[in-house]
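What follows is each chain in one-letter form.
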Amino acid sequence: MTETCCLGLDTSNYTTSASVFDGEHMEKAGRLLPVPEGALGLRQSEALFQHLRQLPDIFSALEDTDALGKIDAVGASTQPRRVEGSYMPCFLPGETLGRCIASSFQVPFFGFSHQEGHLAAAAWSAGRPDLLDSPFLAWHLSGGTTEILYVRPEGRGIRAEKIGGTKDLSAGQLLDRTGKLLGIPFPAGAELDRMCGKLPVEDYYRVKCSGLEFSLSGIENQVQDRAGRGEPPESIACFALDTITYAVRNVTRSALETYPGLPVLCCGGVAASRRLRSQMEENEYASAEFSSDNAAGIAILAYRQLEEKS
């Protein structure tokens, strides 16, 4: 690590994570929250409790890398999105710990949204940190979010504006509910992607889009019907993933008619799908390691914010 190092913390609904970034190198540690078998997630109170239990181990893992020798600023995700009323209690442990560390070491504390962290981690891990310095389009595809965003720089930070996406069920929720039907543990996306293998793209629902919005709730009903008819699990997995991809691809094309020439960045756990990527190769993607929830982007944003203040 070089002279200036920034610590990032993210305590999302499913992952406890911390990262240290020095402008070039990244050290990170993270762990999924334990979800009971057969469940599709955690209540906020349980997620908050699990973060408090896991944070000491996360910091022990970072200490083993010698990344915590010098911290010049601390960042934490404090809300899901940077919009009024966006709030989830699970972000309190990371924010509280981050403020305490910053106060103890007399260094700045910066708060960011979880979504902004995803975008920064995606741009950096895709080898495109330059994206953060000019407008671009982005998909945030995860268990709780399926949004297409117009992202622009704001100082050395970024501002993301939702311009479309799903009106009901998120892509990650559809995949996790599909996985539950097929007996796959939560979160199910990676296993469904593996099940698809190299099967051809030939059976999916052509989701109707209204402007830049679409609905996935009806697709869940179709998945249930297919499972009830005894269709092979691999076929059902492909149907769910390829239907999501069809909707995302079509909305992307429509968005580029309004914002021609802008690059498109994809982040979030669902964006790690090899099947989705193979059908939308023209986009930029977070590396698989940085697609799911992690604190790397928060550390990057803290570093950029510290640069702006210097």
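Residues numbered from 1 in each chain as written. Predicted model: local features only at pLDDT ≥ 70, side-chain atom pairs only at ≥ 80, totals over all residues. Heavy atoms only, no water.

Engineer: I keep staring at the sheet that holds strand S11 (residues 284-285) and nothing clicks. Help me out?
Structural biologist: Pairing between the strands of a sheet is mediated by backbone hydrogen bonds and can be parallel or antiparallel. Spatial ordering of the open sheet is given by S9-S8-S7-S6-S10-S11, a layout of 6 strands whose pairing is mixed. Strands at the two margins of the open sheet, each flanked by one partner only, are strand S9 (213-214) and S11. Where strand S7 (residues 146-154) and strand S8 (residues 157-166) come together, 8 bridges link them in antiparallel fashion. Bridging across to S8, Ile148 finds its partner in Gly164. This element, helix H3 (residues 114-125), spans strand S6 (136-141), S7, S8, strand S10 (264-267) and S11 of the sheet and lies at about 115° to S10. (Pairing = 2+ DSSP bridges. Helix = DSSP H or I, 4+ residues; strand = E, 2+ residues; numbered from the N terminus. Contact = heavy atoms within 4.5 Å. Axes fitted to C-alpha atoms, helices over the stretch in contact; angles between N-to-C directions.)

Engineer: Please explain the layout of surface pockets as it appears in this structure.
Structural biologist: Unoccupied space between atoms shows up once a probe the size of one water molecule is rolled over them. In this model, the largest pocket occupies a volume close to 1,200 Å³. Along the wall of the largest pocket there are 50 residues; nearest its centre are Tyr14, Ser142, Gly143, Pro187 and Gly269. For the lining of the largest pocket, the secondary-structure elements that each account for two or more residues are strand S2 (15-21), strand S3 (26-32), H3, helix H4 (171-181), helix H5 (189-196) and helix H9 (288-291). Along the lines of polarity and charge, the residues of the lining of the largest pocket split into 19 nonpolar, 22 polar and 9 charged. (1 Å grid on protein atoms, 1.4 Å probe; cavity = no way out; pocket = protein on both sides within 12 Å on 5 of 7 lines; lining within 4 Å. Points joined across faces, edges and corners; volume = space filled by probe spheres on them. Nonpolar A, V, L, I, M, F, W, Y, C, P; charged D, E, K, R; others polar.)

Engineer: Would you explain the side chain of Asn13 in this entry?
Structural biologist: Mapping Asn13 onto the fold places it in the loop between strand S1 (6-11) and S2. For Asn13, a relative accessible area of 14% gives the class buried. Side chain to side chain, Asn13 and Tyr14 meet in a polar contact 3.5 Å long. A polar contact of 2.5 Å, which involves the side chain of Asn13, links it to the side chain of Gln44. Not counting residues up to four positions away in its chain, the partners in contact with Asn13 are Leu33, Leu42, Gln44, Ala47, Met88 and Cys90. (Buried < 20%, exposed > 50% of the residue type's maximum accessible area, 1.4 Å probe, protein only. Polar contact = N/O pair within 3.5 Å; in protein donor to acceptor, adjacent residues only side chain to side chain.)

Engineer: Help me out: how do you make sense of unusual backbone geometry in this one?
Structural biologist: The phi angle of most residues is negative, glycine excepted, and most peptide bonds adopt the trans form. Between Phe186 and Pro187 the backbone carries a cis peptide bond, its omega angle lying at -10°. Inspection of the secondary structure puts Pro187 in the loop between H4 and H5. For Asp66, which is not glycine, the phi torsion reads 65° and is therefore positive. Looking at where Asp66 falls in the secondary structure, it is placed in the loop between helix H1 (44-63) and strand S4 (73-79).

Engineer: Got a minute to help me understand the packing of aromatic side chains in this structure?
Structural biologist: Between two aromatic rings, the relevant description is the distance of the centres plus the angle of the planes. Evaluation of the coordinates by the stated rule reveals 8 aromatic pairs. Ring geometry for Trp139 against Phe214: centres 6.4 Å apart, planes inclined by 55°, an arrangement best described as tilted. Placement of Trp139 in strand S6 and of Phe214 in strand S9 is noted, with a sequence separation of 75 residues between them. With a centroid separation of 5.0 Å and an interplanar angle of 20°, the aromatic rings of Tyr150 and Tyr259 are classed as stacked. Taken as a pair, Tyr150 in strand S7 and Tyr259 in the loop between helix H7 (233-258) and S10 lie far apart in primary sequence, 109 residues in all. (Phe/Tyr/Trp six-rings, centres within 6.5 Å; stacked < 30°, edge-to-face > 60°.)

Engineer: For this particular structure, what's the right way to read the pattern of salt bridges?
Structural biologist: Two side chains carrying opposite charge are able to pair once their charged atoms lie near each other. Under the definition given, this model contains 20 salt bridges. With a shortest N-O distance of 3.1 Å, Glu231 and Arg229 are connected by a salt bridge. Exposure remark for Arg229: the relative accessible area of 58% places this residue in the exposed category. Here the salt bridges do not stand alone but share partners, grouping Arg82, Glu116, Glu154 and Arg159 into one network. (Salt bridge = Lys/Arg side-chain N within 4 Å of Asp/Glu carboxyl O.)

Engineer: Just to check I follow, could you spell out the pairing of S10 for this structure?
Structural biologist: Walk down a regular strand and you will see the side chains alternate between the two sheet faces. Burial along S10 is two-sided: Val264 and Cys266 and Leu265 and Cys267, pointing in opposite directions, are all buried. Taken together, the 4 bridges between S6 and S10 define a ladder with parallel strand orientation. Along S10, the bridge assignment pairs Trp139 with Cys266. Alignment of S10 against S11, held across 2 bridges, turns out to be parallel. Bridge pairing links Leu265 to Glu284 in S11. Taken together, S10, helix H8 (residues 274-279) and S11 form a β-α-β motif whose crossover is right-handed. (Right-handed = clockwise from strand over helix to strand, strands pointing away.)

Engineer: Sorry, what's going on with the nonpolar core here?
Structural biologist: Across soluble globular proteins, you tend to see nonpolar side chains buried next to one another. By size, the foremost hydrophobic cluster in this structure holds 41 residues, and its most contacted members are Trp139, Leu141, Leu175, Leu192, Phe214, Leu216 and Ile244. Those elements that provide at least two residues to this core are S6, S7, H4, H5, helix H6 (217-228), H7 and S10. Element by element, the count of residues in this core is highest for H7, at 12 residues. Ignoring sequence-local partners within four residues, the contact set of Leu175 consists of Ala188, Gly189, Leu192, Ala240, Leu241, Ile244 and Val270. (Core = buried A, V, L, I, M, F, W, Y, C linked by side-chain atoms within 4.5 Å.)

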